[in-house]
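Secondary and tertiary structure notes
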Amino acid sequence: SNYHLPYGVAPNFVLNGETYCVPMVTEESSVVAAAAGAAKYWMTRGGFHAEVISTVKLGQIHFFFTGPSYELAAMIPDLKIWLLESSADITAGMRKRGGGIRDILLRDFSHELDDYFQLMVTFETCDSMGANFINSVLERFTSLLPAFVHERFDRKYQVETLMSILSNYTPDSLVRAWVECPIAELGSFKGGITADEFAERFYDAVRIAEIDVYRATTHNKGILNGIDSVVLATGNDFRAVEACAHTYASRSGKYQSLSHCSVEGDVFRFSLEVPLALGTVGGLTSLHPIAKTSFELLGNPSAETLMMIVAATGLAQNFAAIRSLVTTGIQHGHMRMHLTNILSRLGASEGEKLNAYTHFSDKVVSVSLVRNFLESQRSIPI
């Protein structure tokens, strides 16, 4: 069977001077609303900016070798040439598009697990996410490695390949997105908060996510609310994206915020750096009709452009969440988005819905309060 999720769009995303209507698949309507609200806010303040830093993907061959590591290291240059030649038939199509195998490196883990080594293979997969291509190449390498080692060392040492698989940690498939404007252009906010006060409160909120793992987890989840929605809408692998993002957030040895804020002089800047391994061809991207529609909505972007759109959406979602947290509070907008859902669940008529929208326009929304309101309406004689 199929399990359907809501499909929405967030308009007014100005990114690097181009305007996008961003498709988002998520069960949470407030995620779409928040991203759209942030996009509209920054539309008149220079929009979003983004750049792709690198697009390298990784694969690993895990094996055991009983000889000295220096002898294994000495054979790597010859092994690399042989493996590249022996996989030329698999990589031909990717090489024609400008991609293929970039390097093969030896990693020595024998100090942590007896006789354990890796071949780390780096790839460029162009507009493809590349999982099937990478795994096919790695499995070819795995079948060839023992024969090469045995011939090189005349079977003096034993070699056993354990497994080969791509890595979903791709720190060198990296994109950066940011927004910035003079503090005075931030405007004023509910509760009488000035632009200067907002910038200071926003900076402190992001700083806390950099130093406290409990806050960082929720903070990054908010970023991934936006990222995952677009990744899903375009038929990409949101589980791989999430795993990679969380690992990247822990790269210093401490789990931290993926986004950062600076207030220097009179300039407010909010930025995000995140690894994204995405594709615009292959997999479901061209087979699933809704994913195909998403790409058409985005103007059929390249993989690099999609990386920038996804990162900008994550940044927009994070901005919207922090803006709410340091001004009105997260529930003010969040529960208001749920008012319609609550009314439908409680069987409200159209007239009762209209009365509820008016009544709760300046009040806290909760299931119990909405239920009480409806009961009071129904007890009024006509």
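**Looking at the overall build of the protein**
Counting secondary structure elements, the protein contains 12 helices and 9 strands. Considering only C-alpha atoms, the protein reaches an extent of 95 × 55 × 40 Å along its principal axes. Residues classed as buried in the protein amount to 48% of the 382 residues present. Intrachain contacts of the protein at a sequence separation of at least 6 include 74% that bridge at least 24 residues. With an accessible surface of roughly 18,400 Å², the protein has 53% of that area assigned to carbon and sulfur atoms. In the protein, 31 positive and 40 negative side-chain charges are present, and the distance between their average locations comes to 6 Å.

**Topic: the side chain of Gln 118**
Among the secondary structure elements, Gln 118 is positioned in strand E5 (residues 116–124). Residue class for Gln 118 comes out buried when judged on its relative accessible area of 4%. A polar contact is formed between the side chain of Gln 118 and the side chain of Tyr 116, at a distance of 2.9 Å. The residues touching Gln 118, leaving out its near neighbours within four places in the chain, are Gln 60, Ile 61, His 62, Phe 63, Leu 105, Leu 106, Arg 107 and Phe 109.

**Regarding the nonpolar core**
Of all hydrophobic cores here, the largest spans 65 residues; its most connected members are Leu 186, Phe 268, Phe 270 and Leu 276. Counting residues per element, this core draws most heavily on helix H9 (residues 303–325), which supplies 12 residues. Discounting residues that sit within four places of it in the chain, Leu 186 has contacts with Tyr 41, Trp 42, Arg 45, Cys 181, Ala 195, Phe 198, Ala 199 and Phe 268. In terms of nonpolar packing, the next biggest core, distinct from the first, is built from 30 residues, Leu 72, Met 94, Phe 123 and Val 137 among them.

**Focus on empty space enclosed by the protein**
Tallied over the entire structure, the rule returns 1 cavity of 30 Å³ or more. When its volume is computed, the largest cavity comes out at roughly 80 Å³. Of all the secondary-structure elements, those providing two or more residues to the lining of the largest cavity are strand E6 (159–167) and helix H7 (238–249). Residue contributions to the lining of the largest cavity peak at 3 residues, all from H7. Residues belonging to the lining of the largest cavity are distributed by class as follows: 9 nonpolar, 3 polar and 1 charged.

**Things to note about unusual backbone geometry**
Positive phi is not limited to glycine here, since Asn 12 has a value of about 70 degrees. Position of Asn 12 among the secondary structure elements: in strand E1 (residues 7–15). Under the relative-accessibility criterion, Asn 12 is labelled partly exposed at 28%. The backbone of Asp 115 shows a phi angle near 65 degrees, a positive value even though the residue is not glycine.

**Here's the deal with a nonpolar patch on the surface**
Taken together, the side chains of Tyr 7, Val 9, Ile 290 and Leu 297 make up a nonpolar region of the molecular surface, amounting to roughly 310 Å² of accessible area. Classification of Ile 290 as partly exposed rests on a relative accessible area of 44%.

**A short note on helix H11 (residues 350–359)**
All of the buried residues along H11 are Glu 352, Lys 353 and Ala 356. One side of H11 holds all its buried residues, which, seen down the axis, span an arc of 100 degrees. For H11, the exposed residues set more than 90 degrees away from the buried face come down to Glu 350, Leu 354 and Thr 358.

**A look at the packing of helix H2 (residues 69–86) against helix H4 (residues 131–152)**
Running from amino to carboxyl end, H2 crosses H4 at an angle of 135 degrees, the nearest separation of the two axes being 11 Å. Comparing their axes, H4 and H2 come out oblique. In the crossing of H2 with H4, the sense of the turn from one axis to the other is right-handed. Between H2 and H4, the contacting residues are Met 75, Asp 78, Leu 79, Trp 82, Leu 83 and Ser 86 on the first element and Arg 140, Phe 141, Leu 144, Leu 145, Phe 148, Val 149 and Arg 152 on the second. For the contact of H2 with H4, a count of residues per class yields 9 nonpolar, 1 polar and 3 charged.

**Examining the pattern of salt bridges**
Summed over all chains, the structure comprises 10 salt bridges. A salt bridge links Arg 140 to Asp 89; the nearest nitrogen and oxygen atoms lie 3.0 Å apart. In this pair, Arg 140 sits in helix H4 while Asp 89 sits in helix H3 (residues 88–96), placing the two residues 51 residues apart along the sequence. Judged by its relative accessible area of 25%, Arg 140 is partly exposed. Among the ionic pairs, Arg 207 bridges to Glu 210, the shortest N-O distance being 3.0 Å. Linking Arg 207 with Glu 210, this pair stays in helix H5 (residues 195–211), spanning 3 residues, or about one helical turn. Look at Glu 210 and you get buried, because its relative accessible area is 14%. Each of Glu 51, Arg 176 and Glu 273 takes part in one network of salt bridges that share partners.

**Points about the packing of aromatic side chains**
Scanning the model with the defined rule gives 23 aromatic pairs in all. Measuring from ring centre to ring centre gives 5.5 Å for Phe 198 and Phe 202, while their planes differ by 50 degrees; the resulting arrangement is tilted. With Phe 198 and Phe 202 both in helix H5 and 4 residues apart, this pair spans about one turn of that helix. A single burial state applies to Phe 198 and to Phe 202, both of which are buried. Geometrically, the ring pair formed by Phe 270 and Phe 319 is tilted, given 6.4 Å between the ring centres and 50 degrees between the ring planes.

**Focus: the layout of surface pockets**
Estimates place the volume of the second largest pocket at around 780 Å³. What lines the second largest pocket is a set of 32 residues, and nearest its centre among them are Leu 232, Gly 235, Asn 236, Leu 284 and His 288. For the lining of the second largest pocket, the elements supplying multiple residues, two or more each, are H4, helix H6 (213–233) and helix H8 (289–297). For the lining of the second largest pocket, the residue count by class is 16 nonpolar, 13 polar and 3 charged.

Definitions and cut-offs
Residues numbered from 1 in each chain as written. Predicted model: local features only at pLDDT ≥ 70, side-chain atom pairs only at ≥ 80, totals over all residues. Heavy atoms only, no water. Helix = DSSP H or I, 4+ residues; strand = E, 2+ residues; numbered from the N terminus. Buried < 20%, exposed > 50% of the residue type's maximum accessible area, 1.4 Å probe, protein only. Contact = heavy atoms within 4.5 Å. Areas by Shrake-Rupley, 256 points an atom, 1.4 Å probe, with all protein chains shown as cover. Lys, Arg positive; Asp, Glu negative; His and termini not counted. Charge placed at Lys NZ, Arg CZ, Asp CG, Glu CD. Polar contact = N/O pair within 3.5 Å; in protein donor to acceptor, adjacent residues only side chain to side chain. Core = buried A, V, L, I, M, F, W, Y, C linked by side-chain atoms within 4.5 Å. 1 Å grid on protein atoms, 1.4 Å probe; cavity = no way out; pocket = protein on both sides within 12 Å on 5 of 7 lines; lining within 4 Å. Points joined across faces, edges and corners; volume = space filled by probe spheres on them. Nonpolar A, V, L, I, M, F, W, Y, C, P; charged D, E, K, R; others polar. Patch = residues over 30% accessible without salt bridge, like charges linked within 9 Å, V, L, I, M, F, W, Y side chains within 5 Å. Salt bridge = Lys/Arg side-chain N within 4 Å of Asp/Glu carboxyl O. Arc of directions from axis to C-beta. Axes fitted to C-alpha atoms, helices over the stretch in contact; angles between N-to-C directions. Parallel < 35°, antiparallel > 145°, perpendicular 65-115°, else oblique. Left-handed = near helix turned anticlockwise from the far one by under 90°. Phe/Tyr/Trp six-rings, centres within 6.5 Å; stacked < 30°, edge-to-face > 60°.

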